[in-house]
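Observations on the model geometry
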Amino acid sequence: YSSGNAGFRSGEDAKAVVYYERALKRDPSEPDARYNLDIVSSRLQDNIEPVPEFFLKEWLRDVSLLMSSDSWAAVSLLLLGVTLTLVLVFLLSPSVLWKRVGFFTGIVTLLLVAFACSFSVWQKKDYESYDKAGGMKTVSAVKSSPSSEASQDLFVLHEGTKVDILDQVGSWSNVELADGRQGWIRTSDI
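Please read all numbers here as calculations on a predicted model, not as lab measurements. For every chain, the first residue of its written sequence is number 1, and the numbers climb from 1 along that sequence. Residue-level local features of this predicted model are given only where pLDDT is at least 70; pairs of side-chain atoms are given and counted only at 80 or more, and the full residue set underlies all totals for whole chains, interfaces and linings. Note: side-chain values were computed over all heavy atoms of the structure, leaving out hydrogens and water.

1. Some words on the packing of helix 4 (residues 55-64) against helix 6 (residues 96-128)
- In this analysis an axis means a line fitted to C-alpha atoms, helices contributing only their contacting stretch, and an angle means the value between N-to-C directions, from 0 to 180 degrees. Helix and strand definitions follow DSSP, with helices as H or I runs of at least four residues and strands as E runs of at least two, each counted in order from the N terminus. Here helix 4 crosses helix 6 at 90 degrees, and the two axes come no closer than 10 Å. Relative to helix 6, the element helix 4 is oriented roughly perpendicular. On helix 6, the residues that touch K57, L60, R61, V63 and S64 of helix 4 are F119, W122, Q123 and D126.
- Amino acids outside the nonpolar list (Ala, Val, Leu, Ile, Met, Phe, Trp, Tyr, Cys, Pro) and the charged list (Asp, Glu, Lys, Arg) are all regarded as polar, and Gly is one of them. Classifying every residue of the contact of helix 4 with helix 6 gives four nonpolar, two polar and three charged. For classification, angles of less than 35 degrees are called roughly parallel, those exceeding 145 degrees roughly antiparallel, those between 65 and 115 degrees roughly perpendicular, and all remaining angles oblique. Only heavy atoms matter for contacts: two residues are in contact if any of them lie within 4.5 Å across the pair.

Below is the structure:
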């Protein structure tokens with residue numbers, strides 16, 4: 001995070017983006033790094049509008065970023081303990097009312113365990129993935145195929161533009177932009 005701030009202050013926006021992305025990779029729930037990344041990204045030359053996500057997926061991602069992966073795992077364990085206690089209430093209670101309370105609240109807490117655990121796994125998966133990169137070369141041509149001679153230029157990327165890496169062939173990477181455009185770029189350029 002501090003390296004990203006240093007890159008931002010020195011005018012090296014591409015390096016700032018890389019370091020803010022690394023800070024978010026370590027802790028996706030860090031609001032300052034996310035805010036600073038949005039500011040630096042708005043200063044980049046390639047301001048690519050991403051394809052909008054389904055609102056439910058966006059909402060779930062926002063909820064999952066409220067806490068770190070470890071915190072979600074701890075919440076899921078705590079809720080699992082509550083669920084097991086409610087199962088005991090259901091099994092051992094002589095009253096029909098307490099059996100119903102234990103059963104229905106047990107189902108609700110079990111669903112909450114599933115959500116908390118999935119948020120934790122989602123963040124851990126994002127942390128361990130290496131499918132994103134940023135253009136570090138000032139200007140890079142994106143080609144139609146992984147070859148310099150037999151391909152044509154599709155578009156140009158500028159320093160700091162974030163791409164998703166889809167595939168690699170030799171010294172070439174198949175990349176996708178946030179707006180859905182795809183092409184091949186030299187791996188050394190990202």
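So, next bit.
2. Some details on the environment of G11
- You can see G11 is positioned in the loop between helix 1 (2-9) and helix 2 (13-26).
- Judged by its relative accessible area of 45%, G11 falls in the partly exposed class.
- Distance in space between the C-alpha atoms of G11 and A114 is 44 Å, their sequence separation being 103 residues. Buried means the residue's accessible area, taken with a 1.4 Å probe over protein chains only, is under 20% of the maximum for its type, while exposed means over 50%, and partly exposed covers the values in between.

3. Digging into a nonpolar patch on the surface
- On the surface, V87, L88, F90, L91, L92, F103, F104, I107, V108, L111, L112 and F115 cluster together into a nonpolar patch covering about 1,100 Å² of accessible area.
- Of all the secondary-structure elements, those providing two or more residues to the nonpolar patch are helix 5 (69-92) and helix 6.
- Residue contributions to the nonpolar patch peak at seven residues, all from helix 6.
- Along the chain, F104 falls in helix 6. Residues forming no salt bridge and having over 30% relative accessible area are the ones grouped into patches, like charges within 9 Å of each other and nonpolar side chains (Val, Leu, Ile, Met, Phe, Trp, Tyr) within 5 Å. A 1.4 Å probe and the Shrake-Rupley method give the accessible areas. Residues count as covered only by the protein chains that appear here. Here, a salt bridge means any Lys or Arg side-chain nitrogen found within 4 Å of an Asp or Glu carboxyl oxygen.

4. Some thoughts on helix 1
- Buried within helix 1 are the following residues: G4, N5 and G7. One side of helix 1 carries all its buried residues, which in axial view fall inside an arc of 160 degrees. Opposite the buried face of helix 1, at more than 90 degrees from it, the exposed residues are S2 and R9.
- Where helix 1 is buried, its residues touch helix 2 and helix 3 (31-43). As used here, the arc belongs to the directions running from the helix axis to the C-beta atoms.

Purely geometric stuff here, so don't read any function into it on its own.
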